[in-house]
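Analysis of the macromolecular model
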Amino acid sequence: MLNQLLKIKYPIIQGAMANIATAKFAAAVSNAGALGVIGTGAMTPELARAAIEECRTLTTQPFAVNVMLMNPHSDAIMDIICELKPAVVTTGAGNPGKYIEKLKANGILVVPIVPTVALARRMEQAGADMLIVEGTEAGGHVGELTTMALVPQVFDAVKIPIIAAGGIADGRGYVAALALGAIGVQVGTCLLVADECPIHENYKQAILDAKDTDTVVTGRSVSAPVRIKKNAMSQKYLKLEQAGAVRDDLEKLTLGSLRKAVFDGDMENGSVMMGQIAGMVKERKSLAQIFADMTKNAKQVYAQIHTNVNGDDYA
Ligand SMILES: Cc1cc2nc3c(=O)[nH]c(=O)nc-3n(C[C@H](O)[C@H](O)[C@H](O)COP(=O)(O)O)c2cc1C
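Attention shifts here to the domain arrangement of the protein. Domain parsing of the protein yields domain 1 (2-195) and domain 2 (215-273). Put simply, the middle of domain 1 and the middle of domain 2, counted by C-alpha atoms, are 24 Å apart. In this complex, domain 1 contributes 8 residues to the contact, which on the side of domain 2 involves 8 residues. In the side of domain 1 that touches domain 2, the residues fall into 4 nonpolar, 4 polar and no charged.

Lining the immediate surroundings of the ligand are 29 residues, of which Gly15, Gly92, Gly139, Gly140 and Gly188 lie closest. For the shell around the ligand, the secondary-structure elements that each account for two or more residues are strand S3 (63-68) and strand S9 (184-187). Looking at the shell around the ligand residue by residue, the classes come out as 14 nonpolar, 13 polar and 2 charged.

One way to put it is that helix H6 (residues 117-126) packs onto helix H7 (residues 147-157) with a least axis distance of 9 Å and a crossing angle of 35°. With respect to the hand of their crossing, H6 and H7 are arranged in right-handed fashion. Along its contact with H6, which presents Val117, Ala120 and Arg121, the element H7 presents Gln153, Val154 and Ala157. Among the residues making up the contact of H6 with H7, the classes are represented as 4 nonpolar, 1 polar and 1 charged.

On to the sheet that holds strand S1 (residues 12-14), then. An order of S1-S9-S8-S6-S5-S4-S3-S2 is seen for the 8 strands of this open sheet, with the pairing classed as parallel. Every interior strand has two partners, whereas the edge strands, S1 and strand S2 (36-39), have only one. Adjacent strand axes in the sheet meet at a mean angle of 25°, parallel and antiparallel pairs treated alike. Pairing of S2 with S3 involves 4 bridges; the strand directions are parallel. Across the sheet, residue Ile38 finds its bridge partner in S3, namely Val65. Against the sheet, H7 contacts strand S5 (109-114), strand S6 (131-134) and strand S8 (162-165), and its axis sits at roughly 175° relative to S8.

It is worth spelling out the pairing of strand S4 (residues 88-92) at this point. In terms of burial, S4 is a largely internal element, 5 of the 5 residues being buried. Burial along S4 is two-sided: the residues Val88, Thr90 and Gly92 and Val89 and Thr91 are all buried. With helix H4 (residues 74-84) bridging S3 and the parallel S4, this β-α-β connection has right-handed handedness. Bridge count between S4 and S5: 4 bridges; the pairing is parallel. Looking at S5, one finds that Val88 is bridged to Leu109. In the classification by handedness, the crossover that spans S4, the intervening helix H5 (residues 97-105) and the parallel S5 is right-handed.

Turning our attention to the nonpolar core. Grouped together as the largest cluster of nonpolar side chains are 100 residues, with contacts concentrated most on Leu131, Val133 and Ile163. Ranked by residues supplied to this core, first place goes to helix H2 (residues 23-31) with 6 residues. Look past the residues within four positions of Leu131 in its chain and what remains in contact with it is Val111, Pro112, Val114, Ala120, Met123, Val154, Val158, Ile160 and Ile162.

With respect to the secondary-structure elements, Leu35 resides in the loop between H2 and S2. The exposure class of Leu35 is buried, given the 28 C-beta atoms found within 10 Å. Linking Leu35 and Glu53, residues 18 residues apart in sequence, is a C-alpha distance of 17 Å. Contacts of Leu35, omitting those with residues within four sequence positions, involve Leu6, Ile8, Ile13, Gln14, Ser30, Pro62, Phe63, Ala64 and Val88.

What counts as what
Residues numbered from 1 in each chain as written. Predicted model: local features only at pLDDT ≥ 70, side-chain atom pairs only at ≥ 80, totals over all residues. Domains from an automatic or database assignment. Contact = placed C-beta atoms within 7 Å. Nonpolar A, V, L, I, M, F, W, Y, C, P; charged D, E, K, R; others polar. Near = placed C-beta within 6 Å. Helix = DSSP H or I, 4+ residues; strand = E, 2+ residues; numbered from the N terminus. Axes fitted to C-alpha atoms, helices over the stretch in contact; angles between N-to-C directions. Left-handed = near helix turned anticlockwise from the far one by under 90°. Pairing = 2+ DSSP bridges. Buried ≥ 20, exposed ≤ 12 C-beta atoms within 10 Å, placed from the backbone. Right-handed = clockwise from strand over helix to strand, strands pointing away. Core = buried A, V, L, I, M, F, W, Y, C linked by C-beta atoms within 7 Å.

Take a look at the structure:
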């Protein structure tokens, strides 16, 4: 299991979240027994360096650094990572192939996030240690395939361990992910309401109030699909897309929009990233409680399935 490989308590990774997964938040996750991840998606190289150094002062547990490959500073951030050597690097929104050799030479575990079997195969050939296999249910940048369809197909296609992400928020999703072949899970949306999560109160309330159909994917027309809460901004964005708007016009609308949601609590004009599972997240808890409850629930679900399978006479 992932916890044994990473020497952590739970086989759970905190999904990176740009502007949200600060050094403090990642350290709090690692101190609560999962793998904390610093999200450098919106950081300059200097901020990324400061965040890694700060995280080291806040936890003695392993943590990861996430690099969003759309960030124009990716090359410089990767150099800093190779210098400071966190335990793990995860990468999102692209192909990290050109960085893998150097990261591994520095003893860093490389864990790309993949939305297709083809990219999973390519990453395995390029030397990735594990893969985070993320379904389109997830919040933030997404692919097209569901977790249910994608995870077993990637499991069949590669030999390296895989971690499932997208639509997991309790013991049922966790056990399902293991049944599909994963050795652990990555969760994002369910951590947004954690006491330690540094987002605006309005954002937390939007998650708690969300129902199953409250998210939408914008950006498909420009090959940059992002799952966010339906609101005035997403409506405007989709209308522009339908009218054939070019990338520049669309980017004008989303410029700084995640910050509007995270820091200003603007739930109408902000980019309120959340996954489809938000509809199931109904309680505020500490990180420690979220991970403990998920694990306890997973054990109950597993025991119940075991009883059901053994109790029935299918012969
Ligand atoms: C608000 C938000 C921001 C995100 N930002 C990033 C990011 O910067 N880098 C990344 O690789 N993934 C990002 N993701 C994806 C998460 O790391 C994680 O894989 C995903 O949330 C898992 O699915 P779930 O939302 O259904 O739990 C983000 C997700 C959310 C909800």
